[in-house]
Amino acid sequence: MSLKVIHLVYSFGIGGLERVIVNLINNSKELDAEHHIVTLIDDHAFASHLEPKVCMHSLNKKDGKDLMCHFRLFKLLKKLKPDVVHTYNFGTIEYQPVAWLAGVPVRVHAEHGRESSYKKIDNPQKYERFRKLIIPFLNYFVVVSKDLQSWGRKRLSLTDKKLKIIFNGINLSQFSSDENTEQLEDFTYVSVGRLVDVKNHKLLIDAFYRAMEIDSNLSQTQLVIVGDGPNMSALKQQINDLKLGSNVTLTGHCGDIPSILNRSNVFVLSSRYEAMPMTALEAMACRLPVIAPRVGGVEFILNNEVNGLLVDPDDTQKMATALVYAFQHKDELIAMGVNGRTMVESDFSVDAMCKRYIELYQS
């Protein structure tokens, strides 16, 4: 019997969460399912990566409070009669009671990060209290990292029966490296992520500049930052002010991430928070060592000097030192990259992720 699954998200623009949903839908063909993606706002920029049969809907939510949006969702649910409603992150959890009222039998909510870790919120407990109000309407509360699992147990009082941990999965056939990075013309650091404050690209650029001061040979290296977002103009100005135009490239949005990763030597994250960074897992799948701060779930996937380098968050000097170390120890990078690929194959395959979600959907 075919399952009808609705994925409810704030938007379906370009980002890590959207890649997780694409991987889940496109790689679970053994589940006889009809997938619908419902967005609160009309942003479907990443929809082209989905299987053609996936249906897209928008609730056209107005700015601020829009109670009629709940009514529009109720009407859509009564029309579609789904077996599963799967919401993602805090922005959509409030719609789970609507799914309950509409008689949806399986209601799943997934948290891929918590806003208090990367936004300035006066009262983060308010968000936790609200989640607790919604939890009784859920069958399952899914988290994607050990960090979030601990938070769910301690702060949300979730039981093991309802709280499930499912790691984000990587499609290993898309992310694999057959190239020898030793033969690349320029030593290249790469970072992939939206140009927003939480990703802290400003620190990364400052650290790269400082690394060149520590070792002048880094003037022959490149830093490639892939992604788009509201901080683009400020980062361009920063690059100009530091006279790094010949060393730092802002590519904007790029549709071929594997190709860029395979032309690079080291992947770098500078984020203030990451729950389970998809981009780092994708880099590891391409046998790239990862430099990243000790935040969120990063320490769960990154073992210092085994598959990358861990640095203190918001520390420009420590990040610069790590960039220099990577450049000066190229042989070690190759071993780190191999270890990273092995870890992704073992623990973060898309097949394992899909299997776990299918089990929840079929419950």
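Scope of this entry: the structure provided in the associated data block. The shown structure was predicted, so the numbers you read here are calculated from the model rather than taken from an experiment.

Strand order in this open sheet of six strands is E10-E9-E8-E11-E12-E13, and the pairing throughout is parallel. With one partner strand each, in any of the chains shown, strand E10 (248–252) and strand E13 (308–311) form the two edges of the open sheet. With direction set aside, neighbouring strand axes in the sheet form an average angle of 20 degrees. Bridge analysis of strand E8 (residues 188–192) against strand E9 (residues 222–226) gives five bridges, and the strand direction is parallel. Paired with Tyr-189 across the bridge in E9 is Leu-223.

In this structure the tally under the stated criterion is eleven aromatic pairs. Each ring, one from Phe-90 and one from Phe-130, has its centre 5.8 Å from the other, and the planes form 65 degrees; the classification is edge-to-face. In this pair, Phe-90 is assigned in helix H3 (residues 90–93) and Phe-130 in helix H5 (residues 124–134), connecting sequence segments 40 residues apart. In this structure Phe-130 comes out as partly exposed when scored by relative accessible area, which is 30%. Ring geometry for Phe-187 versus Phe-327: centroids 5.3 Å apart, planes at 90 degrees, classification edge-to-face.

Another point: empty space enclosed by the protein. Within this structure, the stated rule accounts for one cavity of 30 Å³ or more. The wall of the largest cavity is formed by Ser-191, Val-192, Gly-193, Lys-199, His-201, Leu-269, Ser-270 and Ser-271. When the residues that make up the lining of the largest cavity are grouped by side-chain class, the tally is two nonpolar, five polar and one charged.

Further remarks concern the nonpolar core. With 79 residues, the main nonpolar core has Phe-141, Val-190, Leu-261, Phe-267, Ile-301 and Tyr-361 as its most contacted residues. Here this core gets seven residues from one element, more than from any other, and that element is helix H14 (residues 350–361). Contacts of Phe-141, omitting those with residues within four sequence positions, involve Ile-93, His-109, Glu-111, Arg-131, Ile-135, Trp-151, Leu-156, Leu-158, Lys-162, Leu-163 and Lys-164. By size, the runner-up hydrophobic cluster in this structure holds 33 residues, among which are Leu-195, Ala-207, Val-311 and Met-336.

Attention now moves to unusual backbone geometry. Despite not being glycine, Lys-243 has its phi angle at roughly 55 degrees, a positive value. Along the chain, Lys-243 turns up in the loop between helix H8 (232–241) and E10. In this structure Lys-243 comes out as exposed when scored by relative accessible area, which is 72%. Backbone geometry places Arg-287, a non-glycine residue, at a positive phi of 65 degrees. Positionally, Arg-287 belongs in the loop between helix H10 (278–285) and strand E12 (290–293).

The rules behind each value
The numbering scheme is per chain: residues are counted from 1 as the chain's sequence reads. Reporting of local features is limited, given that this is a predicted model, to residues whose pLDDT is at least 70; pairs of side-chain atoms are given and counted only at 80 or more, and all residues count toward the totals for whole chains, interfaces and linings. Working from all heavy atoms in the structure, the side-chain values ignore hydrogens and water. Note: two strands are recorded as paired if DSSP finds a minimum of 2 bridges between them. By definition, any uninterrupted DSSP run of H or I lasting at least four residues is a helix, any uninterrupted run of E lasting at least two residues is a strand, and each is numbered from the N terminus. What counts as an axis is a line fitted to C-alpha atoms, over the stretch in contact for a helix, and the angles between N-to-C directions run from 0 to 180 degrees. Here a Phe, Tyr or Trp ring, Trp counted by its six-membered ring, pairs with any other such ring whose centre lies within 6.5 Å, and the pair is stacked when the planes are under 30 degrees apart, edge-to-face when over 60, and tilted otherwise. Between buried and exposed lies partly exposed: a residue is buried under 20% and exposed over 50% of the maximum accessible area for its type, with that area taken using a 1.4 Å probe on protein chains only. The method works on a 1 Å grid over the protein atoms by themselves. A cavity is a set of points holding a 1.4 Å probe that cannot get out, a pocket is an open set with protein on both sides within 12 Å along at least five of seven lines, and residues with an atom within 4 Å of a point line them. Grid points are joined across faces, edges and corners, and a volume is the space filled by probe spheres set on the points. Nonpolar residues are Ala, Val, Leu, Ile, Met, Phe, Trp, Tyr, Cys and Pro. Charged residues are Asp, Glu, Lys and Arg, and all others, Gly as well, are polar. For the purposes of this section, nonpolar cores are sets of buried Ala, Val, Leu, Ile, Met, Phe, Trp, Tyr and Cys residues that join through side-chain atoms within 4.5 Å. By the convention used here, residues are in contact when the closest approach between their heavy atoms is within 4.5 Å.

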